[in-house]
Amino acid sequence: MFSDTQIAFIGSGVMGEAMIKGLMDQGLLIAQHIIASDPRPERLAELSERYGIQVTGDNVAAVRDRDIVVLSVKPQVLGEVLKELGSGAIRPDALVLSIVAGATIDRIARGLNHQAIVRVMPNTPAQIGMGMSVWTATPATGEAQRKQAQAMLAALGEEFYVDHEDYLDMATALSGTGPAYVFLVMEALIDAGVHMGFPRWIAERLVLQTMRGSVEFARTSRRHPAELRNMVTSPGGTSAEALYQLEKGGLRTVISKAVWAAYQKSRYLGGLGRDR
Ligand SMILES: NC(=O)c1ccc[n+]([C@@H]2O[C@H](COP(=O)([O-])OP(=O)(O)OC[C@H]3O[C@@H](n4cnc5c(N)ncnc54)[C@H](OP(=O)(O)O)[C@@H]3O)[C@@H](O)[C@H]2O)c1
């Protein structure tokens, strides 16, 4: 599927590296076909040594004659990158794949004067191949390019295609931001364990395995979460007592409000990101 495909990464930080690693670990691309661009020479030396890929500090040189260009810079520097690459540096038949949070397809298309664009919302577990990437593509993106995008994202964990860009803002709030919610709950449970008297390392071990086991159980049993919860809630028991307090404290409403706020923020930031 990738045979001689040449790929460039513009911005080679945490996510750029996760994608490079995923592609190479899965045997999808060889080092000689990958070039990473980044401003810091130390970072480039690190990537070159670790993966044997080509590196450069010049974004324009990086994208020249490439089949796929991955935009993996922070949102704050996207404007500058679009200006730099916007005057025909990218081959017209190349695929541009952006993971930049909040950057709309329209903004990238206008900024680069380019048609074939895939916009992705990944999340941090992509770094260990357990990510959730939600993506969409412009009509100008060819079938072979869509297959390549899908395979690249599958190398980071699970991928899910949506046909409407608004789902990307929803995904930003649910799966993109999701690890932050989970880590907060994880931390709160560990602290609760310490509050009762467990040493922190023991509380941590209990909580992590409980979360991991619960996710796997839900995934493999395919039962509704309420059903699984009822299974551990005996009448007048400890779970019933704890769940009563969680409901009384408005846990569901707080979570729903938090996700809604993240969704609104994502839409707002997307609307702000105009270069012209
Ligand atoms: N991390 C996640 O889980 C996650 C999840 C969803 C979406 N995203 C999106 O993925 C993108 C990358 O995130 P990240 O976590 O990988 O950030 P990161 O680690 O900061 O990586 C960005 C890289 O781009 C480099 N850079 C800065 N200016 C540049 C320029 N003009 N040209 C080329 N490279 C430049 C940075 O170098 P310096 O460090 O020297 O500035 C850095 O190495 C962001 O847009 C983010 O919204 C990330």
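The structure under discussion appears in the preceding block.
Before going into details, it helps to say that this report is about the structure given with it. Residue indices follow the written sequence of each chain, beginning from 1 at its first position. Reporting in this predicted model follows two pLDDT cut-offs: at least 70 for local features of residues, and 80 or more for side-chain atom pairs to be given and counted; totals over whole chains, interfaces and linings ignore these cut-offs and use all residues. For the side-chain quantities, the full set of heavy atoms in the structure was used; hydrogens and water were omitted.

1. Things to note about unusual backbone geometry
Most peptide bonds adopt trans geometry, and most residues besides glycine take a negative phi value.
Right, on to step 1. Positive phi outside glycine occurs at Asn-113, with the angle close to 50°.
Right, on to step 2. Counting through the fold element by element, Asn-113 comes out in the loop between helix H5 (105–112) and strand E6 (117–121).
Right, on to step 3. The phi dihedral of Arg-222 falls on the positive side, at around 60°, and the residue is not glycine.
Right, on to step 4. Relative to the assigned elements, Arg-222 resides in the loop between helix H9 (200–221) and helix H10 (225–231). By the criteria applied, helices consist of DSSP H or I runs no shorter than four residues and strands consist of E runs no shorter than two, each listed in order from the N terminus.

2. Looking at the sheet that holds strand E2 (residues 34–37)
Right, on to step 1. Strand pairing requires that DSSP identify at least two bridges connecting the strands. Taken together, 8 strands build an open sheet; the order of strands is E3-E2-E1-E4-E5-E6-E7-E8 and the sheet is mixed. Each edge of the sheet is formed by a strand with only one pairing partner; in this case those strands are strand E3 (54–56) and strand E8 (157–161). For this sheet the average axis-to-axis angle between neighbouring strands, irrespective of direction, equals 20°.
Right, on to step 2. Here E2 pairs with E3 via 3 bridges, running parallel. Residue Ser-37 lies in a different strand from E3, and its bridge partner there is Thr-56. Between N-to-C directions, angles cover 0 to 180 degrees, with each direction set by a line fitted to C-alpha atoms, over the stretch in contact for helices.

3. Examining the site of the ligand
Right, on to step 1. Being near a molecule or strand, for a residue, means having at least one of its heavy atoms within 4 Å of it. Near the ligand you find 23 residues, and of these Val-14, Met-15, Asp-38, Val-73 and Thr-124 are the closest.
Right, on to step 2. Throughout this description, a polar contact denotes any pair of N or O atoms lying within 3.5 Å of each other; where both atoms belong to protein, one of them has to be capable of donating a hydrogen while the other can accept it, and for residues adjacent in sequence the pair is counted only when both atoms sit in side chains. Backbone polar atom of Val-73 to an oxygen atom of the ligand: 2.6 Å apart, as the coordinates give it.
Right, on to step 3. Take Ile-99: an N or O atom from its main chain is 3.5 Å from an oxygen atom of the ligand.
Right, on to step 4. With 4 residues, helix H4 (residues 75–85) is the largest single contributor of residues to the shell around the ligand.
Right, on to step 5. In this count, Pro and Cys sit with the nonpolar residues alongside Ala, Val, Leu, Ile, Met, Phe, Trp and Tyr, while Asp, Glu, Lys and Arg are called charged and the others, Gly among them, polar. Classifying every residue of the shell around the ligand by side-chain character gives 12 nonpolar, 7 polar and 4 charged.

4. Concerning the packing of H4 against H5
Right, on to step 1. Contact pair H4 / H5: the axes reach a minimum separation of 8 Å and the direction vectors enclose 35°. Taking contact as the criterion, the partners of Leu-78, Gly-79, Leu-82 and Leu-85 in H4 are, on H5, Arg-107, Ile-108, Gly-111 and Leu-112.
Right, on to step 2. The residue makeup of the contact of H4 with H5, split by class, is 5 nonpolar, 2 polar and 1 charged. Between two residues, a contact is recorded if the distance between any of their heavy atoms is within 4.5 Å.

Treat this as a map of the structure, not an account of what it does.
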